[in-house]
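The residues making up each chain are set out below.
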Amino acid sequence: MADSEQFDGMLLALAQHHTGGITDLLDTFFSFLERKTDFFTGVEAAKAEKLVISKFREYQKKAKKKVEEQAKERAEREAAKQLKERKQREAEERKRAEAASGPKIVELDDEEAARLKEEIAAKQDTENDGKAAASDDTTAVGTTEAKAEEKKTAESGSESEEENEEDKGKMKPNRLNGGDYEHYRWGQILNEVEVRVPFNVSFPIKGRDVVCDIQQKHLKIGLKGHKPIVDEELHAKVKPEESFWTIEDRKLVVIHLTKVNQMEWWSRVVVTDPEVNTRKVKPENSKVGSR
């Protein structure tokens, strides 16, 4: 416990006995100084007054700073919350738009179904007649096409071997299409990267404890008074004005980075990280924010 807090219990009990509030408490305090000390007579009056005013201004400044920090922290939390809600609304609107533009099932009555069946049967008959007529003409070129296909398959296999050679040593993506490293894990969708940084500390993390600097091509994340977890150049450019961070469970900092190039899968967050194999990314698994 800090020295300034060791008498809190005693002073709180004293304050509770003064029903007249701060005025009565100050009367008791200055009465004690007048009766039991030479505070008012042992030094010049001007010095005593100056000392009282100096201490008043010192703690007034601390109180104002504390209020400002609390207000800033609340504003940051509210801004992060609103941005997250906006992104969720936009995602839901995109899903609804995609659902509305998708193929629709049309119910047919018996007469329409019979007519459609006849049309399909007639079309199939026409196609079969055409195939029979063209079979003689295509027999001669069948062997040539088969050889061309074999050559194409061989070339494709060679290219695949080259691609596999390039990917040697790269990590397999985790289920969020990112990577799990010693100090943090990350995932991505095409337009956003999410970095989750846990802190093994003995106190609950608050906004004022966090150092998070998001620049277009650089990321720094850590706690005040501690060595940064990340302080490196980013894999690619991000939009700092659309990126943000939040605190979860008072032990975890979650950073949302909005990509500039929203048609690219990242192989890592910062350039010093081991790369993941982006050829094995599964877009259907890209749901940042899931655990």
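Values in this document were obtained by computation on a predicted structure and should not be read as measured data.

Caption draft 1: Fine view of the overall build of the protein chain. Within the protein chain, the secondary structure is distributed over 4 helices and 8 strands. Secondary structure elements in the protein chain, listed N-terminal to C-terminal, are α-α-α-α-β-β-β-β-β-β-β-β. In the protein chain, which comprises 291 residues, the share counted as buried stands at 21%. For the protein chain, the accessible surface area stands at approximately 21,700 Å², while carbon and sulfur atoms represent 52% of it.

Caption draft 2: Quick look at a nonpolar patch on the surface. On the surface, a cluster of nonpolar side chains totalling about 400 Å² of accessible area is made up of Phe7, Met10, Leu11 and Leu14. With respect to the secondary-structure elements, methionine 10 resides in helix H1 (residues 8–16). For methionine 10, a relative accessible area of 58% gives the class exposed.

Caption draft 3: View of the sheet that holds strand S1 (residues 179–180). On the basis of which strands lie adjacent, the open sheet formed by 5 strands has the order S1-S2-S3-S8-S7 and antiparallel pairing. This sheet does not close on itself; its edge strands, each paired only once, are S1 and strand S7 (244–248). Pairing between S7 and strand S8 (residues 252–258): 5 bridges, direction antiparallel. Its bridge partner lying in S8, glutamate 248 is registered against leucine 252.

Caption draft 4: Inspection of the pairing of strand S4 (residues 210–214) at higher detail. Here S4 shows one buried face, formed by Val210, Cys212 and Ile214, and one open face, formed by Val211 and Asp213. Linkage of S4 to strand S5 (residues 218–223), two consecutive antiparallel strands, is achieved through a turn of 3 residues.

Caption draft 5: Representation of unusual backbone geometry in the model. Unusually for a residue other than glycine, asparagine 177 sits at a positive phi of about 65 degrees. Here asparagine 177 shows up in the loop between helix H4 (110–166) and S1. In this structure asparagine 177 comes out as buried when scored by relative accessible area, which is 1%. Located in the positive-phi region is aspartate 249, a residue other than glycine, with phi close to 60 degrees. Examined against the element boundaries, aspartate 249 turns out to sit in the loop between S7 and S8.

Caption draft 6: Main features of the sheet that holds S4. Taken in spatial order, the 3 strands make up an open sheet running S4-S5-S6, and their pairing is antiparallel. In this open sheet, the two edge strands, each paired with only one partner strand, are S4 and strand S6 (230–233). Sheet twist, expressed as the mean angle between neighbouring strand axes with direction ignored, is 5 degrees. In terms of strand pairing, S5 meets S6 through 4 bridges, oriented antiparallel.

Caption draft 7: A look at the side chain of arginine 268. Of note, arginine 268 is situated in the segment after S8. Nearest to the buried, unbridged arginine 268 among oppositely charged side chains is glutamate 275, at 4.2 Å. Polar side-chain contacts of arginine 268 include one of 3.1 Å to the backbone oxygen of valine 271. With residues near it in sequence (within four places) discarded, arginine 268 still touches Tyr181, Trp186, His235, Asp273, Pro274 and Glu275.

Caption draft 8: View of the pattern of salt bridges. Here the structure, examined in full by the defined rule, presents 10 salt bridges. Between glutamate 192 and lysine 87 there is a salt bridge, with the nearest N and O atoms lying 3.8 Å from each other. Residue glutamate 192 is found in strand S3 (residues 192–198), and its partner lysine 87 is found in helix H3 (residues 45–101); the two are separated by 105 residues along the sequence. Among the ionic pairs, arginine 185 bridges to aspartate 180, the shortest N-O distance being 3.2 Å. A cluster of three or more residues bridged by salt bridges with shared partners is formed by Lys55, Glu58 and Lys62.

Caption draft 9: Local environment of the side chain of glutamate 192. Given the relative accessible area of 8%, glutamate 192 is considered buried. Among the polar contacts made by the side chain of glutamate 192, one reaches the side chain of histidine 256 at a distance of 2.9 Å.

Caption draft 10: Structural view of the nonpolar core. One finds Tyr184, Trp186, Val195, Ile221, Ile255, Leu257 and Val269 to be the most contacted residues of the largest nonpolar core, which totals 26 residues. Listed by contribution, the elements that provide at least two residues to this core are S3, S4, S5 and S8. Residues in contact with valine 195, not counting those within four places in the same chain, are Tyr184, Arg185, Trp186, Val253, Val254, Ile255, Leu257 and Val269.

Caption draft 11: Layout of the packing of aromatic side chains. Following the criterion strictly, the structure yields 4 aromatic pairs and no others. Taken together, a centroid distance of 6.4 Å and an interplanar angle of 45 degrees make the contact between phenylalanine 30 and phenylalanine 40 tilted. In this pair, phenylalanine 30 sits in helix H2 (residues 22–36) while phenylalanine 40 sits in the loop between H2 and H3, placing the two residues 10 residues apart along the sequence. On the basis of relative accessible area, phenylalanine 30 is assigned to the partly exposed category, the value being 29%. Measuring from centroid to centroid gives 5.2 Å for phenylalanine 39 and phenylalanine 40, while their planes differ by 85 degrees, and the two rings are edge-to-face. Three or more aromatic residues link up through ring pairs in this structure, and these residues are Phe29, Phe30, Phe39 and Phe40.

Thresholds, definitions, all that
Residues numbered from 1 in each chain as written. Predicted model: local features only at pLDDT ≥ 70, side-chain atom pairs only at ≥ 80, totals over all residues. Heavy atoms only, no water. Helix = DSSP H or I, 4+ residues; strand = E, 2+ residues; numbered from the N terminus. Buried < 20%, exposed > 50% of the residue type's maximum accessible area, 1.4 Å probe, protein only. Areas by Shrake-Rupley, 256 points an atom, 1.4 Å probe, with all protein chains shown as cover. Patch = residues over 30% accessible without salt bridge, like charges linked within 9 Å, V, L, I, M, F, W, Y side chains within 5 Å. Salt bridge = Lys/Arg side-chain N within 4 Å of Asp/Glu carboxyl O. Pairing = 2+ DSSP bridges. Axes fitted to C-alpha atoms, helices over the stretch in contact; angles between N-to-C directions. Lys, Arg positive; Asp, Glu negative; His and termini not counted. Polar contact = N/O pair within 3.5 Å; in protein donor to acceptor, adjacent residues only side chain to side chain. Contact = heavy atoms within 4.5 Å. Core = buried A, V, L, I, M, F, W, Y, C linked by side-chain atoms within 4.5 Å. Phe/Tyr/Trp six-rings, centres within 6.5 Å; stacked < 30°, edge-to-face > 60°.

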